[in-house]
Amino acid sequence: MKVTTIPTSPFDDQRPGTSGLRKKVKVFRTPHYLENFVQSIFDALEDCEGKTLVLGGDGRYYNREALQIILKMAAASGFGKVMVGRGGILSTPAASCVIRKYQTFGGIILSASHNPGGPDHDFGIKYNTANGGPAAEKITEAIYSRSREITQYRIVEAADVDLDRIGAQQLGAMQVEIIDPVSDYAELMQQLFDFDAMRELLTSGAFSMRYDAMNAVTGPYAHEILENRLGAPAGTVIRGTPLADFGGAHPDPNLVHAKELVATMNAADAPDFGAASDGDGDRNMILGRQFYVTPSDSLALLAANASHVPAYAGGLAGVARSMPTSQAIDRVAAAQQIECYETPTGWKFFGNLLDAGKITLCGEESFGTGSDHVREKDGLWAVLFWLNILAARRQSVAQIVHDHWQRYGRDVYTRHDYEGVSADGASALMEQLRTRTAELGEQTLGNYRVELADDFSYTDAVDHSVSSKQGIRILFSNGARIVYRLSGTGTEGATLRVYIEQPETDPDRLDQDPQQSLVELIQLSASIAEIEKFTGRTAPDVIT
Ligand code: G16
């Protein structure tokens with residue numbers, strides 16, 4: 001088979017963000033754009049000769065086209081084998097599971113996660129290493145440097161691979177194995193959870209649930225696990241067929257974008273349990289009847305109730321959260337006398353802690369929760385964890401959360417997002433905050449006394465690498481916090497995220513609406529950062 005070497009020149013915008021390279025489809029379709037990035041990945045890796053790669057994506061628009069290009073480039077770079085999910089489908093956690101189970105060299109995941117799909121929307125690509133997790137910064141930076149100096153890429157001339165036929169095919173000297181995208185992952189879930197108890201709950205007639213796959217990748221996984229293996233009635237999974245444009249919807253499982261599910265769960269005859277997952281299946285949202293569980297509370301609750309789940313009943317080695325995630329998990333860790341690590345935003349920062357056995361559970365405020373079973377956050381896993389707890393405790397979601405607050409207190413929490421603001425304005429806002437951190441450290445603002453203001457810097461507990469400028473934190477003496485950072489996953493302008501939290505232990509105030517309890521802090525967050533002046537916005541676009 002003929003390998004062709006194509007001359008090319010570098011693009012200057014291929015630095016991976018929080019989770020790989022995310023751009024508009026139109027950008028990826030610029031001649032040589034995808035190819036340059038893929039060749040930069042291969043060049044940045046050690047010898048690929050004869051190695052096995054896993055390849056799949058969330059099925060969004062351009063997925064199949066990109067897969068064919070990557071397969072032909074992998075063959076030209078000497079890979080021995082590529083395992084591809086049938087139809088090009090592999091959820092992000094399933095890809096991580098397959099990489100680990102078959103001990104492959106690594107994997108390439110095609111997704112822009114919760115961002116919309118279609119010809120005018122988003123696409124993305126990221127590299128995961130042999131541990132199944134997103135490549136660490138050292139590797140993503142090496143890929144970026146390579147992309148700045150690339151002069152050629154290699155590709156074989158061959159017919160397209162049949163992505164829909166399970167089994168082996170040859171692409172020159174390289175084998176392509178089309179695998180069932182669901183079975184390895186479903187088996188892993190069955191090993192972790194008490195499927196008998198969960199089946200009993202779901203078939204008891206006294207419990208009902210709704211799972212919204214948001215026309216995205218988890219549909220086939222949820223149908224197989226919830227309906228086929230656990231016996232939930234057909235119709236439990238809604239929007240369960242992956243569509244290239246997610247049906248025109250925004251596959252982001254939050255109160256704004258999962259409107260249909262939220263309406264169902266707020267109705268008088270709502271199911272007992274509701275959940276949703278995002279484009280590539282690594283995020284989750286948890287709802288009870290007329291009740292929303294914040295991702296930060298969800299993480300804390302999973303840790304507090306881990307003894308109900310077979311895989312975690314022996315105890316947790318430790319836990320971790322990203323810096324902007326609420327401190328609810330810290331209280332559970334303190335009660336269990338285990339370590340709680342605080343990392344920058346980005347799942348890749350949990351990788352070393354998981355590999356070193358320092359933590360068992362970890363999570364983020366951005367609807368991501370996971371454990372040492374894979375090296376990605378895992379949406380359906382979180383839903384099954386909750387289902388396992390519900391099967392064991394036989395209480396409502398609201399009751400379980402209230403019990404938790406009574407015992408540990410509540411970290412009242414909200415995140416305000418200002419989306420698509422001018423990149424220059426957003427950088428200027430962050431810059432002025434950064435320069436003001438020293439002076440803020442001495443101030444009393446309204447009812448709040450600032451204890452510490454800084455730009456978060458993280459030293460990895462395993463390899464001691466340092467990641468600085470990870471978000472401005474303002475910590476108050478009563479335990480409240482305001483955090484500012486710019487999103488690293490957006491594809492248009494900049495998104496300013498403002499995270500606001502305050503501990504509450506007064507039993508009479510535990511139930512208050514966070515927007516009310518936090519009203520003074522919310523006002524402070526806008527005035528301290530002069531959000532209107534720098535962004536022109538008077539209110540956030542999304543509140544979660
Ligand atoms: C990615 C990362 C997460 C991060 C999230 C939001 O998730 O894997 O670690 O919390 O983005 O990041 P940002 O605040 O920078 O937009 P996903 O689900 O988009 O892959």
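Parameters at a glance
- Starting from 1, residues in each chain are numbered consecutively following that chain's sequence as written.
- Owing to the predicted nature of the model, reporting of local features is limited to residues with pLDDT of at least 70; listing and counting of side-chain atom pairs is limited to 80 or more, with chain, interface and lining totals taken over all residues.
- Remark: hydrogens and water are excluded; side-chain values derive from all non-hydrogen atoms of the structure.
- Salt bridges, as used here, are contacts in which a Lys or Arg side-chain nitrogen is within 4 Å of a carboxyl oxygen on Asp or Glu.
- Secondary structure is summarised from DSSP: a helix means a run of H or I of at least four residues, a strand means a run of E of at least two, and numbering begins at the N terminus for each.
- Here the term buried applies to any residue with accessible area under 20% of the maximum for its type, exposed to any over 50%, and partly exposed to those in between, with areas from a 1.4 Å probe on protein chains only.
- When DSSP finds two or more bridges between two strands, those strands count as paired.
- A helix is expected to reach a length of 1.5 Å times the quantity of its residues less one.
- Throughout this description, a polar contact denotes any pair of N or O atoms lying within 3.5 Å of each other; where both atoms belong to protein, one of them has to be capable of donating a hydrogen while the other can accept it, and for residues adjacent in sequence the pair is counted only when both atoms sit in side chains.
- For the domains described, the bounds stem from an automatic or database domain assignment.
- Two parts placed together each lose some accessible area under a 1.4 Å probe, and the buried area is that loss summed for both.
- Summary of the distance rule: residues count as near a molecule or strand when at least one heavy atom falls within 4 Å of that molecule or strand.
- Each accessible area value is a Shrake-Rupley result obtained with a 1.4 Å probe; residue values ignore everything except the protein chains displayed when judging cover.
- Classes in brief: Ala, Val, Leu, Ile, Met, Phe, Trp, Tyr, Cys and Pro nonpolar; Asp, Glu, Lys and Arg charged; the others, Gly included, polar.

For the rest of this paragraph, the subject is the pattern of salt bridges. Tallied over the entire structure, the rule returns 42 salt bridges. Arg-436 is paired through a salt bridge with Glu-439; the nearest N and O atoms lie 3.3 Å apart. Within this pair, Arg-436 and its partner Glu-439 are both found in helix H15 (residues 423–440), separated by 3 residues, close to a single helical turn. Glu-439 sits in the partly exposed class, given a relative accessible area of 41%. In this structure, Glu-501 engages Arg-481 in a salt bridge whose closest nitrogen and oxygen atoms are separated by 2.7 Å. Of the two residues, Glu-501 is situated in strand E26 (residues 494–504) and Arg-481 in strand E25 (residues 481–486); the sequence distance between them amounts to 20 residues. On the accessibility criterion, Glu-501 (1% relative accessible area) is buried. In this structure Arg-481 comes out as buried when scored by relative accessible area, which is 4%.

One open sheet holds the 7 strands; their spatial order is E20-E21-E24-E25-E26-E19-E27, and the pairing between them is antiparallel. Sheet topology places strand E20 (444–445) and strand E27 (542–543) at the edges, where each strand pairs with a single neighbour. Pairing analysis gives 10 bridges linking strand E19 (residues 410–421) to E26, with the strands arranged antiparallel. Looking at E26, one finds that Asp-417 is bridged to Arg-497.

Given a rise of 1.5 Å per residue, 15 residues ought to cover 21 Å, and the 21 Å separating the end C-alpha atoms of helix H13 (residues 379–393) matches this to within 8%. Just downstream of H13 lies Arg-394, where phi reads positive at about 50°.

What follows concerns the environment of Thr-30. Mapped onto the elements, Thr-30 comes out in the loop between helix H1 (25–28) and helix H2 (33–44). Judged by relative accessible area, which is 30%, Thr-30 ranks as partly exposed. Side-chain polar atoms of Thr-30 contact the backbone oxygen of Val-27, separated by 2.7 Å.

Moving on: the domain arrangement of the protein. Interfaces are frequently sized by the accessible area removed from exposure as the parts join. Split into domains, the protein comes out as domain 1 (3–181), domain 2 (185–408) and domain 3 (410–543). For domain 1 versus domain 3, the distance between C-alpha centres works out to 35 Å. It is Thr-18, Arg-22 and Lys-24 that lose the most area in domain 1 upon contact with domain 3, and together they represent 60% of the buried surface on that side. Across the domain 1-domain 3 interface, the total number found is 0 salt bridges. One can count 3 residue pairs in polar contact (both at pLDDT 80 or more) joining domain 1 with domain 3. Here the side of domain 1 that touches domain 3 gets 3 residues from one element, more than from any other, and that element is strand E2 (residues 21–24).

What follows is about the site of the ligand. The full set close to the ligand counts 19 residues, and Glu-364, Ser-487, Gly-488, Thr-489 and Arg-497 are the nearest of them. Glu-364 is positioned with one of its side-chain polar atoms (N or O) 2.6 Å from an oxygen atom of the ligand. Within the side chain of Arg-485, an N or O atom sits 2.7 Å from an oxygen atom of the ligand. Against a free-state accessible area of 460 Å², the protein chains account for coverage of 99% of the ligand. Along the lines of polarity and charge, the residues of the shell around the ligand split into 1 nonpolar, 10 polar and 8 charged.

With that settled, consider unusual backbone geometry. Comment: phi is negative for the bulk of residues other than glycine, and the bulk of peptide bonds are trans. Phi at Ser-113 takes a positive value of approximately 55°, unusual for a residue other than glycine. Phi angles above zero are rare outside glycine, and Arg-239 is one such case at about 50°. With respect to the helices and strands, Arg-239 occurs in the loop between strand E11 (237–238) and helix H9 (259–266).

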